[in-house]
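Working through the structure, step by step
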Amino acid sequence: MQLPFSSKTLARCVALALVAAPAFAGEIQSIDLTNLKSSDTAPITTIYDRDVTAGTDGAITYGEIGWDVVKAVAPGITVFNNVPPRNANQIYADCVMAPRTDALKFANGHTYDWACNDTFQSHKRYKMSANAIGPIDLVFKVKPGDFYAPIVDKDGNVIDPQADQDPTLNAYRMIGKLNNHTGKRLAGFKIELGFNIGGNFVKSTSGDGVKIRLYEEIADPIANPPTPLGTKDIAEFPGGLFYGPADDKHYWGFFSSTRAYFEVDTSTLTSDEDMLTSGMLSKNYTDNFGQWLPINWVPPGWLYDADGNPGTDDDVVAWFNGTNWITYDVDPVTGDRTERIVDAATIAMYESTPTTVWLDDGDVNTAGGTLYATWDAESSVYTLAAGGTATNDEIAAQLVANPLLERRAGYQSGPIEDLANLNLNYYIEVKDPTLWTTYDANTGEGTFTLRITPIEAADNTPPAWLPAEETPVTTSGDGGCTMASGKAPFDPTLPLLLAGGIAAIALRRRASR
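Residues numbered from 1 in each chain as written. Predicted model: local features only at pLDDT ≥ 70, side-chain atom pairs only at ≥ 80, totals over all residues. Heavy atoms only, no water.

1. Description of the side chain of asparagine 117
Our working definition: Helix and strand assignments come from DSSP, with helices taken as H or I runs of at least 4 residues and strands as E runs of at least 2, each series counted from the N terminus. Throughout, exposure labels follow a simple rule: accessible area from a 1.4 Å probe, protein chains only, divided by the maximum for the residue type, with under 20% read as buried, over 50% as exposed, and the rest as partly exposed. Distance and chemistry together define a polar contact, namely a pair of N or O atoms within 3.5 Å, with one atom able to donate a hydrogen and the other to accept it when in protein, and with adjacent residues in sequence counting only for side-chain atoms on both sides. Whether two residues are in contact is decided by their heavy atoms, any of which lying within 4.5 Å being enough.
Relative to the elements of secondary structure, asparagine 117 occurs in the loop between α2 (102-105) and β7 (126-130). Since its relative accessible area comes to 6%, asparagine 117 is described here as buried. Within polar-contact distance, the side chain of asparagine 117 engages the backbone oxygen of proline 84 at 2.9 Å. In contact with asparagine 117, not counting residues within four places along its chain, are Val83, Pro84, Pro85, Arg86, Gln90, Ile91 and Ala93.

2. What to know about helix α5 (residues 392-401)
Convention followed: The directions from the helix axis to the C-beta atoms form the arc being described.
Taken as a whole, α5 has its buried residues at Asn392, Ile395 and Leu399. For α5, the buried positions fall inside an angular range of 55° around the axis, keeping them on one side. Exposed side chains of α5 directed beyond 90 degrees from the buried face belong to Asp393, Val400 and Ala401. Buried positions along α5 lie against β20 (356-359), β21 (370-376), β22 (381-384), β23 (389-390) and β24 (405-408).

3. Digging into the pairing of strand β17 (residues 315-320)
The condition is simple: Pairing between two strands is assigned when DSSP locates at least 2 bridges connecting them.
The buried count for β17 comes to five of six residues, which makes it a mostly enclosed element. Note that β17 and strand β18 (residues 325-330) share two bridges and pair antiparallel. Among the inter-strand pairings, phenylalanine 320 is bridged to a residue of β18, identified as tryptophan 325.

4. A look at unusual backbone geometry
In the segment running from alanine 74 into proline 75, the intervening peptide bond is cis, with an omega of 0°. Position of proline 75 among the secondary structure elements: in the loop between β4 (61-66) and β5 (78-83). Between glycine 244 and the following residue, proline 245, the backbone shows a cis peptide bond with an omega angle of -5°. Position of proline 245 among the secondary structure elements: in the loop between β13 (235-236) and β14 (261-264). Of note in the backbone geometry, asparagine 82 takes a positive phi value of approximately 55° without being a glycine. Counting through the fold element by element, asparagine 82 comes out in strand β5. Within the chain, alanine 115 stands out as a residue other than glycine whose phi angle is a positive 45°. For alanine 115, the location among the structural elements is in the loop between α2 and β7.

5. Brief notes about the pattern of salt bridges
To keep it simple, the criterion reads: What counts as a salt bridge is simple: a side-chain nitrogen of Lys or Arg found within 4 Å of a carboxyl oxygen of Asp or Glu.
In total, this model carries 14 salt bridges according to the counting rule given. Put simply, aspartate 137 and arginine 451 hold a salt bridge, and the shortest N to O gap is 2.7 Å. With aspartate 137 in strand β8 (residues 136-144) and arginine 451 in strand β27 (residues 446-456), this pair connects stretches of sequence that are 314 residues apart. In terms of burial, aspartate 137 and arginine 451 fall into one category: buried. Each member of the salt-bridge network shares a partner with another, and the members are Arg100, Asp113 and Asp118.

6. Thoughts on the packing of aromatic side chains
We apply this condition: Pairing of aromatic rings covers Phe, Tyr and Trp, the last through its six-membered ring, and needs centres within 6.5 Å; plane angles under 30 degrees mean stacked, over 60 mean edge-to-face, and all others mean tilted. For a Lys NZ or an Arg CZ to count as sitting over a ring, it must be within 6 Å of the ring centre and within 35 degrees of the ring normal.
Scanning the model with the defined rule gives 24 aromatic pairs in all. The interplanar angle of 40° and the centroid separation of 4.9 Å between the aromatic rings of tyrosine 304 and tyrosine 411 together place this pair among those described as tilted. In this pair, tyrosine 304 sits in strand β16 (residues 300-305) while tyrosine 411 sits in strand β25 (residues 410-415), placing the two residues 107 residues apart along the sequence. Relative accessible area serves as the criterion here: at 17%, tyrosine 411 is assigned to the buried category. Cation over ring: arginine 86 sits above tryptophan 114, and NZ or CZ is 4.2 Å from the ring centre. The aromatic ring of phenylalanine 201 is capped on one face by arginine 451, whose charged end is 4.1 Å from the ring centroid.

Okay, structure coming up:
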């Protein structure tokens, strides 16, 4: 029989088993899907408060995992072990992230999935949406030991298991988002670790083999850096909206030249290693928007598609504040900004310059040629000049086959979704699961639960760009890494009339994915 690990690994495990107090790592094998159910009609996995393998009757849900089919696949979240480093700044990484499409896995010609160690903006974050105020429970299956997933080098070759950083633990980087689809403003969130789900949830205790931590699986950060995540690093709004200083990955953020974030007191982990709770929301968010907006209340925006590809991130260039279309003149060196009202002529230019494809010479620096296709944001397809439609993937294939076709940049309108989407950054340390109450000797697995609970804001006043009588509407969908994909545009010449319909926009966006 072929063993799934080397004799050297087996000998190490036997030796560990002989000591009086075993110090195994715990290796997460997968997400437990028994309380999850995938939709047959949309890229959504609903999370319930109980086992739904026999049906959802009586089950309650407060959240879901969603994904964009251009970027990820079902069930929208997965686990990776022992991902090889690609450079000296990386380690053999473990993480929980989105399971991406082959086009993203093997981008730029590499032959294996770089997963946790992939490049910036490679769509790694899984997207959890809170659809109501209540706990969202994700369950993880864990085996004792650290040899189920082989450790390989950057070329995918299996290497000595001793290359792992610490055989007594694994630390999983949680690469995810929490999106506000509750229909209400939120004051923040709480992260907890424990066992079981729903009304049977029992919070983890100190020293039981699972805890939250702020750095990867290497030595003590005090003695051997990296610097742990700080109070402003745990919960950040996306960098395209709030960022500074500018660097090789970001220009200055559209709304602010500093990050927007929820403060998180990380010092509480010394007394309770299994819980983090958000504090104040930064002023550069609340000054414009108040408390954390739900997706159906985010403001309208105009977005620039710089590469002419509707599947990639767009840049916000203007937003409607309830009275005027606003943009900012930003000093490229200092990030200092001046607010400016966008005039009617500029809005007309946005309207008349959609994202297009042209039949020319394949060189986007020239302006000649014949119009081939125009992106229809509402239906999420290209309208072909010769008649008919084509998806973005079909156009991408045609661009490869015909070197005379070229994408051209353009503008589109839509809700600025990332004002409802929060990036969460932290690690979960997992040790020997054999002493957990959830450990099953027959399967050789134990389970633990990650519980995330949104906190409702005391003030739920609608924003200025919505009618005063606007009623919160619970919506759901996958959110995303972009400010808006333009899949549900509104008429920008009538922002006051249609801003109140953003809830319907969010619902149409969900149906379109």
